[in-house]
Amino acid sequence: MKSLYVFTIGCQMNSSDADLFYRLLSPMGYLPTDSPESADLVIVNTCSIRAKAEDKAFSFIGRLQAIKAVKPGFRIGVAGCVAQQEGAGILSRVPYVDFIFGTHAIWRLPEIVTALEAGSGRIVDVDMAEELPERPDTGEMRGGVSDFVTIMRGCDNFCTYCVVPYVRGREMSRRPEAIVDEVKKKVAAGAREITLLGQNVNSYGKKEGLPDFPELLRMVADIEGLQRLRFATSHPKDLSDELIDAFAQIPGLCNHLHLPVQSGSTAVLSRMNRKYTREHYLERIARLRDVCPDIALGTDIIVGFPGESSEDFNKTLSLVESIRYDGVFAFAYSDRPNAKAADFSGKVPEKEKKSRLAELLALQDEITREKNEACVGKMEEILVEGKSPRKVDSSAITDPAAGDRVTGRTRSNRVVHAILAEGEKNPVGRCIPVRIDRALGHSLWGSQTGK
Ligand code: SAH
Ligand code: SF4
Ligand code: F3S
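Please read these numbers as outputs of a predicted model, since none were measured by experiment. (Residues numbered from 1 in each chain as written. Chains lettered and ligands numbered in written order. Predicted model: local features only at pLDDT ≥ 70, side-chain atom pairs only at ≥ 80, totals over all residues. Heavy atoms only, no water.)

### Quick notes on the UniProt feature "domain: MTTase N-terminal" (unreviewed entry) in the protein
Reasoning step 1: Mapped onto this structure's residue numbering, the UniProt feature "domain: MTTase N-terminal" (unreviewed entry) falls at residues 2-118.
Reasoning step 2: Span residues 2-118 is 47% helix and 21% strand, its end C-alpha atoms 15 Å apart. (UniProt positions renumbered as here; feature names shortened; annotations may be inferred. Helix = DSSP H or I, 4+ residues; strand = E, 2+ residues; numbered from the N terminus.)

### Quick notes on the domain arrangement of the protein
Reasoning step 1: Along its sequence, the protein is carved into domain 1 (2-125), domain 2 (146-373) and domain 3 (379-448).
Reasoning step 2: Centre-to-centre, using C-alpha coordinates, domain 2 lies 28 Å away from domain 3.
Reasoning step 3: Each side of the interface is counted separately: domain 2 has 19 residues, and domain 3 has 17 residues.
Reasoning step 4: Buried surface at the junction of domain 2 and domain 3, both sides included, amounts to about 1400 Å², of which 41% is carbon and sulfur.
Reasoning step 5: We note a salt bridge from D326 to R414, for which the minimum N-O separation is 2.6 Å.
Reasoning step 6: At the junction of domain 2 and domain 3, the tally comes to 11 residue pairs in polar contact (both at pLDDT 80 or more).
Reasoning step 7: When contributions to the side of domain 2 that touches domain 3 are tallied by element, the ones reaching two or more residues are β11 (228-232) and α13 (350-375).
Reasoning step 8: Broken down by class, the residue content of the side of domain 2 that touches domain 3 amounts to 4 nonpolar, 7 polar and 8 charged. (Domains from an automatic or database assignment. Contact = heavy atoms within 4.5 Å. Buried area = accessible area lost by both parts, 1.4 Å probe. Salt bridge = Lys/Arg side-chain N within 4 Å of Asp/Glu carboxyl O. Polar contact = N/O pair within 3.5 Å; in protein donor to acceptor, adjacent residues only side chain to side chain. Nonpolar A, V, L, I, M, F, W, Y, C, P; charged D, E, K, R; others polar.)

### So, the UniProt feature "domain: Radical SAM core" (unreviewed entry) in the protein
Reasoning step 1: In this numbering, the UniProt entry assigns the feature "domain: Radical SAM core" (unreviewed entry) to residues 141-370.
Reasoning step 2: Taken end to end, residues 141-370 is 40% helix and 16% strand, and its first and last C-alpha atoms sit 39 Å apart.

### Let's talk about the site of ligand 1
Reasoning step 1: The local shell around ligand 1 holds 15 residues, among which Y161, Q199, Q262, D300 and S334 are the closest.
Reasoning step 2: Between ligand 1 and the protein, one listed contact pairs a nitrogen atom with a backbone N or O atom of Y161 at 2.9 Å.
Reasoning step 3: In the environment of ligand 1, an oxygen atom lies 2.7 Å from a nitrogen or oxygen atom belonging to the side chain of Q262.
Reasoning step 4: Notes on ligand 1: free accessible area 530 Å², of which the protein chains cover 91%.
Reasoning step 5: When contributions to the shell around ligand 1 are tallied by element, the ones reaching two or more residues are β13 (296-303) and β14 (327-332).
Reasoning step 6: Its residues placed into classes, the shell around ligand 1 shows 7 nonpolar, 4 polar and 4 charged. (Near = heavy atom within 4 Å. Areas by Shrake-Rupley, 256 points an atom, 1.4 Å probe, with all protein chains shown as cover.)

### Points about the packing of helix α11 (residues 278-291) against helix α12 (residues 310-323)
Reasoning step 1: Across the interface, α11 lies against α12 with an axial gap of 12 Å and an inter-helix angle of 10°. Between α11 and α12, the interaxial angle falls into the category roughly parallel. Contacts from R278, Y281, L282, I285 and R289 in α11 reach K315, S318, L319, S322 and I323 in α12.
Reasoning step 2: The residue inventory of the contact of α11 with α12, partitioned by class, reads 5 nonpolar, 2 polar and 3 charged. (Axes fitted to C-alpha atoms, helices over the stretch in contact; angles between N-to-C directions. Parallel < 35°, antiparallel > 145°, perpendicular 65-115°, else oblique.)

### Structural notes on the site of ligand 2
Reasoning step 1: Near ligand 2 the following residues occur: C155, N157, F158, C159, Y161, C162, V164, P165, Q199, H235 and R274.
Reasoning step 2: Residues of the shell around ligand 2, tallied by class, amount to 7 nonpolar, 3 polar and 1 charged.

### Focus on the side chain of D437
Reasoning step 1: Mapped onto the elements of the fold, D437 is located in strand β18 (residues 431-440).
Reasoning step 2: Taking the relative accessible area as the measure of exposure, D437 reaches 17% and is therefore buried.
Reasoning step 3: There is a polar contact of 2.7 Å between the side chain of D437 and the side chain of S447. (Buried < 20%, exposed > 50% of the residue type's maximum accessible area, 1.4 Å probe, protein only.)

### A word on the sheet that holds β18
By way of backbone hydrogen bonds, the strands of a sheet pair with one another, either parallel or antiparallel.
Reasoning step 1: If you trace the 5 strands once around the closed barrel, you get β15-β16-β17-β19-β18, paired in mixed fashion. For this sheet, the mean inter-axis angle between neighbouring strands, taken without regard to orientation, is 50°.
Reasoning step 2: In this sheet, β18 lies alongside strand β15 (residues 379-387) in antiparallel orientation, the contact comprising 5 bridges. By the bridge assignment for β18, M379 is matched with R435. (Pairing = 2+ DSSP bridges.)

### Examining helix α9 (residues 241-249)
Reasoning step 1: Among the residues of α9, L243, I244, A246 and F247 are the ones counted as buried. With its buried residues spanning 145° around the axis, α9 presents them on a single face.
Reasoning step 2: At its buried positions, α9 is contacted by α8 (213-221), β11, β12 (256-258) and α11. (Arc of directions from axis to C-beta.)

### A word on the pairing of strand β16 (residues 405-410)
Reasoning step 1: By the criterion of burial, β16 is predominantly enclosed, with 5 of the 6 residues buried.
Reasoning step 2: Here β15 pairs with β16 via 5 bridges, running antiparallel. What sits directly across from I382, in β16, is T410.
Reasoning step 3: In this structure, the hairpin formed by β16 and strand β17 (residues 415-419) is closed by a connection of 4 residues, where N413 is found at a positive phi of approximately 75°.

### Quick word on the packing of aromatic side chains
Reasoning step 1: Enumeration over the complete set of coordinates arrives at 10 aromatic pairs.
Reasoning step 2: Geometrically, the ring pair formed by F99 and F101 is stacked, given 5.7 Å between the ring centres and 15° between the ring planes. Pair check on accessibility: F99 and F101 agree, each one buried.
Reasoning step 3: Centroid distance Y276 to Y281: 6.2 Å. Interplanar angle 35°. Geometry classified as tilted. Here Y276 matches Y281 in class, with each residue buried.
Reasoning step 4: Directly above the ring of F331 sits R50, whose terminal nitrogen or CZ lies 3.7 Å from the centroid. (Phe/Tyr/Trp six-rings, centres within 6.5 Å; stacked < 30°, edge-to-face > 60°. Lys NZ or Arg CZ within 6 Å of the ring centre and 35° of its normal.)

### What about the confidence of the model for the protein?
Reasoning step 1: Mean pLDDT over the protein works out to 93, with 95% of the residues at or above the 70 mark.
Reasoning step 2: Confidence drops under a pLDDT of 50 for residues 393-402, and excluding neighbours within four residues, the segment shows 16 contacts in the predicted structure. (pLDDT = per-residue confidence, 0-100.)

Next comes the structure, spelled out in C-alpha cells:
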C-alpha cells in the first residue's frame, strides 16, 4: 500500500477537489495519511486568489524538499489554481517537483501517477477542456456529516480584481442527474447536510439549458435522508426573486445566505465590473428579509481596491452597519496576474489598506458579538458534526457535570459547542435541540435540552 497526503489552500471548491484526488487514487492503492513525512505522494492543492495564498503554497512546497532528500520514491505534485496559472514555470522555482496538473487535468490524475510510477520524467498537464468531464464513479466517499458537492466549475464574470476566470476557465455546469446521484451517495455514506458549490451558483444551468438553480435545489432537497441543504457562492446580480422565494418554500434549505457585496460604493462596484449598484444590493437584502425574516447573512468585502477613496470606504462601513451581517470575510486588495485591476491607477498604499481592513473588522466584530449575545437564552437546533475540540472554563457552562461536549451548527450556520444531556450517547449526524447558555467571541456555548 502507498500513502497520499493532500495539502489544500483556498476555497471549498479546492477542498472538494482534494476529496476527488483521494477518490481517484484510492483504486491505485493510495491510502490517506496525516502527515507529509509519512506519505509516498504529496499533492499541494494551491490557490491564487491573493498573493498571500500563492506564497503559502510555495512555502509549503519548500518544506517538502527536505523530505524528498532523504526518502527515495517520494513524489511531489502541484495542483490547483497556481498550477494552472504558472504551469511549467513552477519548475524554475521548485525544480524538485515531479508533476504539475491544472484545474482541468484533475480527471487525468490516475494516468499521470501511473506514468510517473512507470519511470516517466516530470509531467506538466495544464490543458483546459471545452467540456466538463463527468466525475468517474470511483473510490470511496470520504466526507463527514456536513459535506460539499461541486455543481459547476469556472466563472464567466470577470470581476476586474479576480483571477478565477483565468485559472478555472469558462463556467460549466454539471448535469443535474450526476449531482443528484453524488448527493445520494454522500447521504448513503453518512452526510446529513450538503453544500452545493460553484463560483456563481445562481447562474447554474443557464448556458447549457439545464434546469435552473431553484429547480436543482428542489431536486436535491427531495433526496431521502438529507436533512439540510446550503449553497455557495451567489452573485447579487443574478439573485432572482425565485431563488429568494425558495428560502420560504424548501423546508430543508437552511436560513443562511453568503452574498458577497465586495464594496458599498457604486462607483467602486462599477470599476470592479460587479454589474450591480449599492441600491440594488440593499433591495435584494430587503426582499430576502421580507421572505425569510430570520435569514442569516454573510458577505465578502475587498478594501483598498484601486481608486477607493475614503468616502468610498465609508460607504462600505455604512452598508455593513445598516445590514448587520452575521459574518464578514474581508480582504485587502491584492494585484493578480491577468486581472484587469492590476493595471488600474490609484493604487491604495499597503498601510492604508491595512488600517481600513482593521477598521472594518473591528466594526464587524462588534456586530458579531452583539448578535451572538442576542442568541443567549434562545433554543436552537444543531446538527452534531463531532466532539467539541474546544475547552472552556467550567463556569461558562450551566451544568458541567452533564456529559460530553459536541460541536454542531445551527441552521443559520452558527457554530455551537454543546454539553449533551445525561444518557445521550452518540448524536453525531443527528439534529438535537440546544439552549444557548453563553456567547464567547465567535462561538456559542449551550446545552442539550432533551433527547
Ligand atoms: N465567486 C465568489 C468568490 C470568489 S473568491 C464571488 O463571486 O463572490 C473569494 C473572495 O476573495 C471574493 O469574494 C473577494 O472578496 C476576494 N478576492 C478575490 N480576488 C481578490 C483580490 N485580487 N484581492 C483581494 N481579495 C480578493
Ligand atoms: Fe471571481 Fe467575480 Fe467570478 Fe467570483 S464572480 S469568481 S469574484 S470573477
Ligand atoms: Fe483560490 Fe482557486 Fe478557489 S484561486 S479561491 S482555490 S477557485
